[in-house]
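# Structural description and commentary
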Amino acid sequence: MLLPGILFKAAIFLFIFAAFASLVLMKYHKLCNIAANIICIAASIVGISVAAMQILYYSDNVIIDIYHSAIPFLTINLKIDALSSFFLLALFLLVLCVSIYSIGYNSHYYGKRNVGLFNLLYATFILSMFFVITSGNAVFFFIAWEAMSLLSYLLVVFESENEANQRAGTLYIIMTHIGTAFLLIGFMIMFSYTKSFDMFADSSAIPAFAKNIMFILFLIGFGTKAGVVPVHIWLPHAHPAAPSNISALMSGIMIKTAIYGLLRFVFMYMGIQNKWWGVAILIIGIITAIIGVSYAFIEKNIKRLLAYSSIENIGILFIGLGVAFIAKAQGNLTVCALAITAALFHSFNHTLFKGSLFLGAGSVHYATHSKNMEELGGLIKKMPVTAIFMLGGALAVSAIVPFNGFASEWLTFQSLFANIALGQAGLNIAFILAVAALAMAGAFAAACFIKLFGISFLGKPRSKYAANAKEVPAVMNIAMGILTSFCLLIGLFPMLVLRFIDKVVFSLVGSSIFGQFQGGFLTAAYPLKIAENAISPFTILIAIIGVILLTLIIIRIIGGKYIERKYGTWDCGYEALNARMQYSATGFSNPIKIIFKLLFQPTRRLKVEGNLVYHPKSIEYITSFESVFEKYLYSPLLNKTRNFSRKAKFLIQTGSINTYLIYIFIVVIALILYNRLV
Amino acid sequence: MKNALYVLVQLFVILLLAPLVNGIIKKIKAFSQKRRGAPVLQMYFDLWKLFRKQAVVSETSSWIFKAAPYIVFSTAIIAALLVPVSTLLTPNAFFGDVILLVSLFALGRFFMTLAALDTGGTFGGMGSSREVMISSLIEPSLLVSVFTIGLISKSTTILAMMNTTKNITFPLAQPAFIMVFLALFTIIIAETSRIPVDDPETHLELTMVHEAMILEYSGRHLALIELGAVVKQLVFITLLVNIFIPHDQLIALAGVSGLLLSLLIYVVKVILIAVLMAIAEISTVKLRLFSVPNLAALSFILAFLGFLQYFVLWR
Amino acid sequence: MDNFLDALSVLILFSSFVLVANKRAKSYIKTFRMQSALIALATGIMGIESFFADGHIDILIVCVLIIALKVIYIPNLLNKTLANVEYKVEKDFFYNIPLLIFICCSITAFCYTCILTIHGINTDVLNMQVVNSIALILIGLFFMISRKKIIGQMVGFLVIENGLFVAAIFSTHGMPFIVDLGIFIDLITAIMIMGIMAFKINEKFDSIDINKLKNLRG
């Protein structure tokens, strides 16, 4: 009982120590970087072990009281139960790898920027996320949430000389504060009925209509942080602007705190009252998944593509959560447990593979100083180790056997399957549309990552940056390697993580799916089995390797020794191909851009010098697309707000002292009247 | 023991039958064009010849180019092991279902498209881009179709689906089944790159999709890819044929003779569907690339209507 | 038998989707012909059933009438009209085909969820066939909305007529004969008038694009 508490406090202290150390050693860049990151690594190792222990062996919650003050409601206490421990496990695993990575990555800031400041912000950002996940009352949750938003803003604009970064940061801070405002109103409503901010307490004092309003407020508030459509517009700008290790943290964990918030506040605290809550989340999930992945496919900036892919995965998580909420409202606890298992598993997997992919994008940027796919190419020969890990991450995110993305998408499909039953006409249609959307999003995601890996790493280099790229330092590859190998390991043996999730789900729902577990890690090789449908990715991998070996032997027998002749690529008999003749990223995504014209509104212009058909001197083809949401939803809103404020400025702020005095007079009279009437 | 026998029989039947199906389709197409055409067994000779030829590899390519044919072939073989040719011979433990099948083909397609981009040529990029577009549009339809059948048989395992339809008197007369059959037929045409989606015998860049991706391959790599493609085609046909036209409930014999009779009827059914595919190919033209979404939408509607008939109208 | 009728009703519904997916006027007529052939097949099956049950042959006569009119005469009439009218190859529909199909799909889902709750339909047999037919009527109307040329309006009207007929005959397995005859005569008259109108419009405006009617505003 005491041990987890002590270890958690140790982890907190180590992070504070890391922040302190980076502050003290600010002048010595290299020492500061290595010291701070090593302390973070130690802290995350402690954190991983204690979170794992807490889930598996301890059933009581860990309560850490830090500060009780005389100011009412301002208590700082942490309450760590199974759900929090699970998210902490994901957080610390990612922090471990990102810290290892930062030892190498931050070296390109030495002498140019303040590495001490970076590490200070980094350590406190991790600490703020820790407090968000583990806070014991709503006020402290809110404080930690605000701190998380502010610190991530400072990290996003760290490379502030670039103007695009500044705009991205501004957009991010505005959008996240709009979401936080909704959360605040929700908390206020919670307080006004229950007179307390404790979200582990009972919520039956809140009447049903207030719970509906709170649900909508929480959905918008947490949805803004998660990046669901239509409040997603900050994500594709903020994640690419930040340095790559911060992007990995933001995409990997920060948007998952929204999922944690939804589970904690809506599922556990309020309890699911109506079916329409789940249906709303399901429909939002479907729209987010499809739109996210469509925009991902036409991007040519590697990090923006990864950011849109995060939006798609949040959509998939929302689909899983929606199914869970609907099942809970119908009282179907086994299906609810299955759906939450699928959602939590996918969240964990997404942390791993998205972290790996962002770190890979950072490595590419480190080696070539470019994030634009159309300037890259042929990197597989210059950076072979990074390429293999990036390929692993790409396979994982496309939900391909035998990586972990497949296992969690399989579970999501099974949860949808279990929920379609005879007799509920409207819901069945929603579920089958969710299946179709999930299938399409999966196929599109595979297409995105074929494009990312194929155009950046394969073929001929398209610019001199790519031609002169060199392999990145070994620490960066080690970090990526850890994440990617975990992806493969969890994909082969999903039971390793599912036993943790099972405990969490048991504490949430009260029903356990994989209840018949015995033995230690020997059960890891069990096939994943839900009600007679079973898959065993491990068997499939062994079978694939077996078949390949057998094929090699048989071909050797039939065809003799393998002789190959190297020659140029087929060029139709004309002169040799150059790098400009390859497909570019824009060209690769052109068919989809034309098919989904409604979403992208592409424009094209052709400028020709000379005769177009016979003797062109130069041809310039300009195509552009724009985000439909910014143009049709946000810009009109912004213009209306601006016009309204301009008019209001003239009407209300007249500059005449007498008018201002009249305002004061009216307000005082109104307050006195309010006191009389109420 | 039973597992080993199952694996052997499956591999033997599917590897032997797959090139024959391709030969039959080509022969029927040749007849419709008033030619005699190549012999039906031509593909066997082609594969034998290709395995013994030298491979020419592009200088721009990396290990992905050489690894992709093996991955494509092995995923096709593993998929073949997941779809039983006869429900009389089944393994004791069955660790795969339709979603795994779809994902295996996705693995093969992933590496195929990467290998096409690996060569640094224009044809490869073009083939990859078109292939990726077509497969993304077809995938929802495929999953809704198999889900409908799975929901009717209450399981996503392929063997369970085949066993369920054995107990229905005439599956193709049920509205849900006939819609899903038509949807799956359209999907097979799209996945195996046949007219009207893609022409399997063309080398003009206007019309190539699958052929553009394998343009650079030669020797044993090309043989593996072609064999993988025909095995994939046969796996889809087996799925279609054994679920919608089940025959094992009519066989009263037991043991080896029953199994042999079952396999014989299976071969007849496959040839029937091959003839149907050939007739579909010769009666339409290849669609313009941007008309393929119309076909994909129609295929999705077929699957969706099938689902609605069963699950909303309770039949 | 019932299963065949169910399967036929859903195939007829699917043929209306194929109609919406068509882009050229000649294909509309071909698809309409195919749909009418399917309806004739269904009517024929019902006619044979009723013949063996009570010896009535009126449904069989209706089946023959359908074949004569909707499969042979009216499509030929439409083809002749089309041949004599100015035909420019241009886009005949709004937006793009997958979007139109998606809208038809939502219409079908909407029909299914709403009409199922009507008392009386929710008993066993009539369920599927009637709902499919009503969806057919709505899709025919949507087809009329989505097409710009007048040939689209004509075929859409015919599909609505088909849908009404199928709804009636699937729910009652036979109508009073005189009602059937009346409907058919109405149909022929309407088509002939529409054909003549198409000629006249084409003569006046050199085009059968009904959007040009907007020029008459004001």
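Residues numbered from 1 in each chain as written. Chains lettered and ligands numbered in written order. Predicted model: local features only at pLDDT ≥ 70, side-chain atom pairs only at ≥ 80, totals over all residues.

### A few points about the overall build of chain A
The secondary structure content of chain A amounts to 26 helices and seven strands. Taking 26 Å as the expected radius of gyration for a compact globule of 678 residues, we find that chain A reaches 27 Å, a close match to that expectation. Overall size of chain A, expressed as C-alpha extent along the three principal axes, is 95 × 70 × 65 Å. Per-residue burial for chain A yields a buried fraction of 54% across its 678 residues. The contacts of chain A with a sequence gap of at least 6 include a subset with a gap of at least 24, amounting to 79%. (Helix = DSSP H or I, 4+ residues; strand = E, 2+ residues; numbered from the N terminus. Rg over C-alpha atoms; globule rule 2.2 N^0.38 Å. Buried ≥ 20, exposed ≤ 12 C-beta atoms within 10 Å, placed from the backbone. Contact = placed C-beta atoms within 7 Å.)

### Details of the overall build of chain B
Counting its regular elements, chain B contains 11 helices and one strand. In chain B, the order of α-helices and β-strands from amino to carboxyl end is α-α-β-α-α-α-α-α-α-α-α-α. With respect to the three principal axes, the spread of C-alpha positions in chain B is 55 × 45 × 40 Å. Buried residues in chain B amount to 60% of all 315 residues. Sequence-distant contacts in chain B: of pairs separated by 6 or more residues, those separated by 24 or more amount to 81%.

### Looking at the interface of chain A and chain B
Each partner contributes to the interface: chain A provides 68 residues, whereas chain B provides 64 residues. Elements supplying a minimum of two residues to the side of chain A that touches chain B: helix H14 (379-382), helix H16 (404-419), helix H17 (425-457), strand S4 (533-535), helix H21 (537-559), strand S5 (564-567), helix H22 (585-588) and helix H23 (590-595) of chain A. Examining the composition of the side of chain A that touches chain B, we find that 17 residues originate from one element, H17(A), more than from any other. Tallied by class, the residues present in the side of chain A that touches chain B amount to 47 nonpolar, 15 polar and six charged. Judged from the four bridges that link them, S5(A) and strand S1 (residues 55-58) of chain B form a sheet pairing that is parallel. The residue of S1(B) that forms the bridge with A:Lys566 is B:Val57. (Nonpolar A, V, L, I, M, F, W, Y, C, P; charged D, E, K, R; others polar. Pairing = 2+ DSSP bridges.)

### Some thoughts on the domain arrangement of chain A
Each domain of chain A was delimited in the assignment, giving domain 1 (1-114), domain 2 (312-514), domain 3 (589-624) and domain 4 (631-677). Using only C-alpha atoms to locate each centre, domain 2 of chain A and domain 3 of chain A end up separated by 34 Å. (Domains from an automatic or database assignment.)

### A few points about the packing of helix H3 (residues 82-105) of chain A against helix H10 (residues 256-270) of chain A
All names here are of chain A. At a minimum axis distance of 11 Å, the contact between H3 and H10 shows a crossing angle of 175°. Of the possible angle classes, the one that applies to H3 and H10 is roughly antiparallel. Note on element contacts: H10 touches H3 through Lys256, Tyr260, Leu263 and Arg264, opposite Leu83, Phe87 and Ala90. Tallied by class, the residues present in the contact of H3 with H10 amount to five nonpolar, no polar and two charged. (Axes fitted to C-alpha atoms, helices over the stretch in contact; angles between N-to-C directions. Parallel < 35°, antiparallel > 145°, perpendicular 65-115°, else oblique.)

### Regarding the nonpolar core
Residue and element names in this part refer to chain A. Phe15, Phe86, Leu91 and Val435 are the most contacted members of the largest nonpolar core, which totals 409 residues. At 24 residues, the largest contribution of residues to this core is made by H17. Residues contacting phenylalanine 86, with those up to four places away along its chain left out, are Ile55, Leu344, Phe500, Ile501 and Val504. (Core = buried A, V, L, I, M, F, W, Y, C linked by C-beta atoms within 7 Å.)

### Here we look at helix H11 (residues 292-311) of chain B
Helix length check: H11(B) (20 residues) gives 28 Å between terminal C-alpha atoms against 28 Å at 1.5 Å per residue, within 8%. With 20 of 20 residues buried, H11(B) is to be regarded as a mostly interior element. (Expected span 1.5 Å × (residues − 1).)

### Digging into unusual backbone geometry
Of note, the bond from A:Val229 into A:Pro230 is cis; its omega dihedral lies within 30 degrees of zero at 5°. With respect to the helices and strands, the residue A:Pro230 is situated in the loop between helix H7 (208-226) and helix H8 (235-241). Cis peptide bonds are those with omega within 30 degrees of zero, and the linkage from B:Ile195 to B:Pro196 qualifies with 10°. Here B:Pro196 shows up in the loop between helix H7 (175-191) and helix H8 (210-213). Despite not being glycine, B:Lys154 shows a phi value in the positive range, around 60°. You can see B:Lys154 is positioned in the loop between helix H5 (122-152) and helix H6 (158-166). For B:Lys154, a count of 13 C-beta atoms within 10 Å translates into the label partly exposed. Although it is not a glycine, B:Ser193 adopts a positive phi angle of roughly 55°.

### Some details on helix H6 (residues 163-194) of chain A
Residues and elements named next belong to chain A. The first and last C-alpha atoms of H6 sit 47 Å apart over 32 residues, in line with the 46 Å expected at 1.5 Å per residue. Here H6 has its buried residues at Ala168, Gly169, Leu171, Tyr172, Met175, Thr176, Gly179, Leu183, Gly186, Phe187 and Met190. Contact partners of the buried residues in H6: helix H5 (138-156), H7 and H8. Residue lysine 195 follows H6 closely and has a positive phi angle near 60°.

### So, the interface of chain C and chain B
At the junction of the two partners, chain C supplies 20 residues and chain B supplies 18 residues. At the level of secondary structure, the elements contributing two or more residues to the side of chain C that touches chain B comprise helix H1 (2-21), helix H4 (97-115) and helix H5 (126-146) of chain C. Looking at which element gives the most residues to the side of chain C that touches chain B, the answer is H1(C), with 10 residues. Class assignment for the residues of the side of chain C that touches chain B results in 16 nonpolar, three polar and one charged.

### Here we look at the packing of helix H13 (residues 333-368) of chain A against H16(A)
Residues and elements named next belong to chain A. Interhelical geometry of H13 versus H16 gives an angle of 160° and a closest axis separation of 9 Å. Between H13 and H16, the interaxial angle falls into the category roughly antiparallel. Considering only the axes of H13 and H16, their crossing is left-handed. Contacts between H13 and H16 pair Val335, Leu338, Ala339, Thr341, Ala342, Phe345, His346, Asn349, Leu352 and Phe353 from the former with Asn404, Gly405, Ser408, Leu411, Thr412, Gln414, Ser415, Ala418 and Asn419 from the latter. (Left-handed = near helix turned anticlockwise from the far one by under 90°.)

### Structural notes on the environment of C:Pro98
Topologically, C:Pro98 is positioned in helix H4. Counting along the chain gives 17 residues from C:Pro98 to C:Ile115, while the straight-line C-alpha distance between them is 25 Å. Excluding its chain neighbours within four sequence positions, the residues that come into contact with C:Pro98 are B:Pro293, B:Asn294 and B:Ala297.

### Focus on the confidence of the model for chain A
Residue and element names in this part refer to chain A. Per-residue pLDDT for chain A averages 87, and the proportion of residues at 70 or more is 96%. Element-level pLDDT for chain A is lowest in strand S3 (residues 528-530), with a mean of 65, against a maximum mean of 94 in helix H15 (residues 384-397). For the stretch residues 516-525, pLDDT sits under 50, and the model shows nine contacts to residues farther than four places along the chain or on other chains. (pLDDT = per-residue confidence, 0-100.)

### A closer look at the environment of B:Leu142
Residues and elements named next belong to chain B. Tracing the backbone through its elements, the reader meets leucine 142 in helix H5. C-beta crowding within 10 Å serves as the criterion here: with 28 such atoms nearby, leucine 142 is assigned to the buried category. Apart from residues no more than four positions distant in its own chain, leucine 142 is found in contact with Val102 and Ile187.

### What about the environment of A:Ile380?
Residue position: A:Ile380 is located in helix H14. C-alpha of A:Ile380 to C-alpha of A:Leu458: the two residues are 78 residues apart in sequence and 6.1 Å apart in space. Those residues in contact with A:Ile380 that lie beyond four places of it in its chain are A:Ala387, A:Phe457, A:Leu458 and B:Ser62.

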